[in-house]
Amino acid sequence: MRRFPYFCKPFGDEVFTSWFFRVAKGNLTNTSTFSRIILNDRTLFNTDCDLRLPDRTLRILDEELGVDRDLLYASTISSLIGNYLTGLKDNGHDREVLNAKTRYERRNNYGQQYCPICLGKDVAYYKKIWRVTAITTCLEHRVVLSDRCPFCHATVNCHKLTWFHSGANFCYRCGKDLTKSPIQNIEAFSSIIEFQKKIEESMVTGWVEISPRERVRTPIFHEGLRFLMKPWIASKNCSTMYEHFSKYAGVPMTAFSEIRHWPKRLNTQSSLSRFKLYAILGWFLEDWPDRFTGFCDYKGLTPTSFFKTNAVPPFWLTDVFQTSLAKKNYWVNMEEIRSATRYIYKNNFKISPANVAEAVGLDRSIYLPATRRKYIRRVVKLQSKNACSPVKIFHWKL
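Caption draft 1: Representation of the overall build of the protein. Helix and strand content of the protein: 14 helices and six strands. When burial is assessed residue by residue, the protein has 48% of its 398 residues classed as buried. Summarising the internal contacts of the protein: among those between residues at least 6 apart in sequence, 65% fall at separations of at least 24. Split by element, the accessible area of the protein, about 20600 Å² in all, is 51% carbon and sulfur.

Here you go:
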């Protein structure tokens with residue numbers, strides 16, 4: 001039985017903190033005070049409660065507010081485990097979820113994104129998918145998500161707002177309206193639209209369609225994306241990578257002007273930086289793997305550009321790396337050189353580096369290593385002692 005005057009259910013895509021603020025505001029109470037009254041808990045917002053909720057909290061909210069605990073569980077990030085996430089760490093953090101770095105009821109990292117247009121609706125609330133690292137755009141309004149106050153650059157902390165604010169669309173520090181944030185459209189990165197659709201659909205289906213004939217589980221898909229990101233976020237020459245991509249894909253370099261060398265933790269970066277990185281990956285996935293292999297040939301990238309020797313990429317990348325990018329110089333061994341030389345000598349062909357190279361299946365113009373060339377010269381001297389030294393050029397008959 002409910003014993004509070006105001007009651008509302010969370011929207012289907014709303015995150016827990018946003019709903020709790022709306023309920024506390026409806027009861028003319030701040031969120032921290034309301035949590036102490038209803039839960040007898042002063043530490044609810046000392047951690048990132050959007051990630052997971054204790055069973056005790058779910059049970060009390062179900063009893064006191066009459067909200068089904070399944071709805072409350074669906075408003076947390078832990079509801080994505082299975083289809084989108086493999087699990088959450090003991091501290092609740094995951095690479096695919098933005099790290100808010102909560103301390104003393106305040107989020108110090110830019111872990112909560114928002115769409116300024118969506119917040120301008122009749123009821124302002126924050127969506128659960130805006131906490132996901134790979135989500136950087138609002139597909140409904142085709143704009144880049146914001147992650148901070150445009151006036152004072154504070155992080156988004158709707159639970160720190162007081163009850164007399166008219167809605168959740170205000171900055172907790174300066175009090176200005178977040179719907180006034182500058183709108184950044186995605187016209188220059190049309191490839192991000194299909195990519196974001198795949199990400200949002202994968203939260204329901206649990207798989208991503210890479211090509212018409214290939215589908216992979218969502219966690220494996222994101223594991224592969226982390227390998228593809230390495231030259232752009234973990235390389236000392238990442239700025240030149242964006243320059244080469246700009247020339248190859250025909251995207252203005254000004255679109256990457258704000259990107260610098262990143263640390264390896266992608267879930268702590270700004271929404272704009274992540275948006276541009278995922279736009280590049282989305283451009284590759286539009287015609288996978290032809291666009292990717294074409295750019296690697298253009299830039300001269302090899303598998304070691306994406307992972308170390310002891311790292312094992314997922315299976316949907318292994319085939320591309322092994323068949324299209326592993327173009328290493330193959331140095332024939334001495335046994336192959338001796339075998340080819342004996343074959344040429346036996347069939348009365350001229351012994352030369354070009355003939356030996358073709359006999360072992362290499363290009364005639366290849367430059368053999370010094371030890372191989374030294375052996376061939378020694379055999380040529382032996383052949384030249386014969387009175388009738390052959391002059392025929394060896395070619396494989398097709």
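Caption draft 2: Quick peek at the packing of aromatic side chains. Applying the stated criterion across every chain yields a total of 27 aromatic pairs. With centroids separated by 5.9 Å and ring planes inclined at 25°, the aromatic side chains of Trp232 and Phe295 adopt a geometry described as stacked. Separated by 63 residues along the polypeptide, Trp232 in helix α7 (residues 218-233) and Phe295 in helix α10 (residues 290-299) bring together distant segments of the chain. Across the pair, Phe295 and Trp232 agree in class, each one buried.

Caption draft 3: Structural view of the side chain of Thr31. Relative to the assigned elements, Thr31 resides in helix α2 (residues 31-39). In this structure Thr31 comes out as buried when scored by relative accessible area, which is 2%. There is a polar contact of 2.3 Å between the side chain of Thr31 and the backbone oxygen of His159. Setting aside residues no more than four positions away along its own chain, Thr31 makes contact with Phe20, Phe21, Ala24, Phe45 and His159.

Caption draft 4: Structural detail: the pattern of salt bridges. Within the structure shown, the criterion is met by 13 salt bridges. Linked by salt bridges that have partners in common, Asp48, Asp50, Arg107 and Arg131 make up one network.

Caption draft 5: Summary view of a positive patch on the surface. Side chains of Lys89, Arg95, Lys101, Arg103 and Arg265 sit close together on the surface and give a patch of like positive charge. Along the chain, Arg265 turns up in the loop between α8 (238-249) and α9 (271-286). Note on Arg265: relative accessible area 48%, which makes it partly exposed.

Caption draft 6: Quick peek at the pairing of strand β6 (residues 214-217). Strand direction decides the pairing type here: strand β5 (residues 207-211) and β6, joined by four bridges, are antiparallel. Considered in β6, the bridge of Trp207 is made with Arg217.

Caption draft 7: Broad picture of the nonpolar core. Counting residues in hydrophobic clusters, the biggest one holds 77 residues, and the most contacted among them are Tyr126, Phe221, Leu225, Leu228, Trp288 and Phe292. Top contributing element to this core by residue count: α9, with 10 residues. The residues touching Trp288, leaving out its near neighbours within four places in the chain, are Ile210, Leu228, Trp316, Leu317 and Val320.

Caption draft 8: The packing of helix α1 (residues 16-26) against α2, seen in detail. Two numbers describe how α1 lies on α2: the axes approach to 9 Å, and their chain directions differ by 85°. For the element pair α1 / α2, the angle class is roughly perpendicular. Across the interface between the two elements, Phe20, Phe21, Val23 and Ala24 of α1 pack against Thr31, Phe34, Ser35 and Ile38 of α2. Its residues assigned to classes, the contact of α1 with α2 comprises six nonpolar, two polar and no charged.

Caption draft 9: Seen up close, a nonpolar patch on the surface. On the surface, Leu28, Trp163 and Phe164 cluster together into a nonpolar patch covering about 360 Å² of accessible area. On the secondary structure map, Trp163 appears in the loop between β4 (143-144) and α6 (191-205).

Caption draft 10: Focus on helix α14 (residues 370-384). Look at α14: 21 Å from first C-alpha to last across 15 residues, which is about the 21 Å you get at 1.5 Å a residue. Along α14, the residues classified as buried are Arg372, Tyr375, Ile376, Val379 and Gln383. Buried residues of α14 fall within an arc of 100° about the axis and therefore sit on the same side. Turned more than 90 degrees away from the buried face of α14 sit Lys374 and Lys381, all of them exposed. Turning to α14, the residues buried within the fold contact α12 (334-346) and α13 (353-359).

The rules behind the values
- Residues numbered from 1 in each chain as written.
- Predicted model: local features only at pLDDT ≥ 70, side-chain atom pairs only at ≥ 80, totals over all residues.
- Heavy atoms only, no water.
- Helix = DSSP H or I, 4+ residues; strand = E, 2+ residues; numbered from the N terminus.
- Buried < 20%, exposed > 50% of the residue type's maximum accessible area, 1.4 Å probe, protein only.
- Contact = heavy atoms within 4.5 Å.
- Areas by Shrake-Rupley, 256 points an atom, 1.4 Å probe, with all protein chains shown as cover.
- Phe/Tyr/Trp six-rings, centres within 6.5 Å; stacked < 30°, edge-to-face > 60°.
- Polar contact = N/O pair within 3.5 Å; in protein donor to acceptor, adjacent residues only side chain to side chain.
- Salt bridge = Lys/Arg side-chain N within 4 Å of Asp/Glu carboxyl O.
- Patch = residues over 30% accessible without salt bridge, like charges linked within 9 Å, V, L, I, M, F, W, Y side chains within 5 Å.
- Lys, Arg positive; Asp, Glu negative; His and termini not counted.
- Charge placed at Lys NZ, Arg CZ, Asp CG, Glu CD.
- Pairing = 2+ DSSP bridges.
- Core = buried A, V, L, I, M, F, W, Y, C linked by side-chain atoms within 4.5 Å.
- Axes fitted to C-alpha atoms, helices over the stretch in contact; angles between N-to-C directions.
- Parallel < 35°, antiparallel > 145°, perpendicular 65-115°, else oblique.
- Nonpolar A, V, L, I, M, F, W, Y, C, P; charged D, E, K, R; others polar.
- Expected span 1.5 Å × (residues − 1).
- Arc of directions from axis to C-beta.

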